[in-house]
Amino acid sequence: MNRFLLALALVVPAFAADPPQIEISNAATKIKLYVPDAATGYYRATRFDWAGAMASVEWGGHNYFGKWFDKYDPSIHDSITGPVEEFGELGYKEAAVGESFVKIGVGALQKPSDAPYDKFHTYDIADAGRWIVITAPDHVEFRHILTNTNGYAYEYRKNVYLINNGFALEHTLRNNGTKPIKTDVYDHNFFMLDGKPTGPDVSIRLPFAPKATADLKGLAEFNDKKITFLKEFGPRDTLLTDITGFALNDFADYEIYIENKATGAGVRQASDHGMSKLALWSIRNTVCPEAYIDVNVEPGKQMHWIIAYQFYNVPK
């Protein structure tokens with residue numbers, strides 16, 4: 001992979017106050033990504049993996065991601081643009097107050113009290129680990145290395161590379177600690193298809209018949225293998241539900257299509273791993289199918305998985 005060994009200095013921003021960014025592109029796709037940095041990075045909160053946050057993704061005259069929230073602060077848990085991933089915490093329950101627990105892709109965090117873990121809380125970072133970023137015109141690799149934290153240690157690699165009409169997220173997680181890494185990870189996505197509001201023009205297609213576990217509040221309906229939104233969401237409308245109907249850990253059911261028939265923007269999300277859980281969260285500004293994958297890595301072993309996104313035009 002010598003072609004990827006370009007200096008990180010190439011991505012230093014034009015102004016010191018700007019968060020560092022990288023751009024990768026080919027003839028069809030252009031992606032702007034934020035560079036993880038504990039001092040100047042766009043995202044410095046403790047919920048989501050810092051690697052691979054995308055400011056924008058352009059293909060075929062469409063834009064698929066962007067700023068979906070109103071207030072920006074790098075320390076706020078959701079001040080991030082998709083697709084972004086979150087790992088479950090490691091070692092929080094057994095850590096004493098003042099000791100550290102782990103969030104993969106973030107680092108070692110300090111446990112402030114005996115209160116249950118709260119993913120919406122921004123914790124103090126005891127050790128941000130070491131980030132290495134390797135770039136090429138059509139590829140960027142993020143490496144995060146965390147040394148021993150109460151028996152947890154890892155090297156996490158996320159490759160973002162362009163494919164035909166899209167991109168892929170290739171992950172490798174090596175367990176360098178003495179404790180097994182048992183958790184899960186999901187992609188929140190934060191889709192913003194051409195920046196249009198969630199409404200009847202937007203739909204989600206699946207390879208199975210989905211069933212909602214929560215009240216859809218008249219905002220959407222599940223019909224055969226499709227989820228449709230029944231009205232244009234207002235500023236206060238929120239839809240949140242788990243989805244059942246898929247085969248656990250069967251990669252054939254991890255195939256999600258999101259479309260906006262008014263703008264013609266479509267995207268297919270798929271993986272080489274099956275889902276352990278599927279949720280849907282939507283507000284006016286973003287549609288978020290959230291597919292979970294189980295993570296189980298014994299000491300000295302590693303796990304590898306890929307999530308791919310392919311774009312297409314939807315007939316208007």
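Definitions and cut-offs
- Residues numbered from 1 in each chain as written.
- Predicted model: local features only at pLDDT ≥ 70, side-chain atom pairs only at ≥ 80, totals over all residues.
- Heavy atoms only, no water.
- Pairing = 2+ DSSP bridges.
- Helix = DSSP H or I, 4+ residues; strand = E, 2+ residues; numbered from the N terminus.
- Axes fitted to C-alpha atoms, helices over the stretch in contact; angles between N-to-C directions.
- Core = buried A, V, L, I, M, F, W, Y, C linked by side-chain atoms within 4.5 Å.
- Buried < 20%, exposed > 50% of the residue type's maximum accessible area, 1.4 Å probe, protein only.
- Phe/Tyr/Trp six-rings, centres within 6.5 Å; stacked < 30°, edge-to-face > 60°.
- Lys NZ or Arg CZ within 6 Å of the ring centre and 35° of its normal.

**Q** Outline the sheet that holds strand β8 (residues 125-127), supporting the account with residue identities and numerical values.
**A** What links the strands of a sheet is backbone hydrogen bonding, and the strands pair in either a parallel or an antiparallel sense. Taken together, the 3 strands give an open sheet; going across it, the order is β6-β7-β8, and neighbouring strands pair in antiparallel fashion. Lying at the two open borders of the sheet, with one neighbouring strand each, are β6 (100-103) and β8. Strand-to-strand twist across the sheet, computed as the mean angle between neighbouring axes with direction ignored, equals 45°. Relative to β8, strand β7 (residues 107-110) runs antiparallel, the two sharing 2 bridges. Each bridged residue has a counterpart across the sheet, and for Ala108 the counterpart in β8 is Asp127.

**Q** Which residues make up the nonpolar core, and what values do they have?
**A** In this structure, Val160, Phe167, Leu173, Ile181 and Ile204 are the most contacted members of the largest nonpolar core, which totals 90 residues. Broken down by element, the residue count for this core peaks at 7 residues, all from strand β22 (residues 286-297).

**Q** Got a sec to walk through the packing of aromatic side chains? Specific residues and values, please.
**A** Considering all chains together, one arrives at 27 aromatic pairs under this definition. An angle of 80° between the planes, with centres 5.8 Å apart, marks the rings of Trp68 and Trp281 as edge-to-face. Here the residue Trp68 occupies a position in the loop between β4 (62-63) and β5 (85-87), and Trp281 occupies one in strand β21 (residues 277-283), the gap between them amounting to 213 residues. Each member of the pair, Trp68 as well as Trp281, carries the same accessibility label: buried. Three or more aromatic residues joined by ring pairs make a cluster, and in this case those are Tyr34, Tyr42, Tyr43, Phe48, Trp68, Phe69, Tyr72, Phe190 and Trp281. Between the NZ or CZ atom of Arg205 and the centre of the ring of Tyr257, over which it lies, the distance is 4.4 Å. For the cation-ring pair, Lys277 lies above Tyr292, with the distance from its terminal atom to the ring centre recorded as 4.8 Å.

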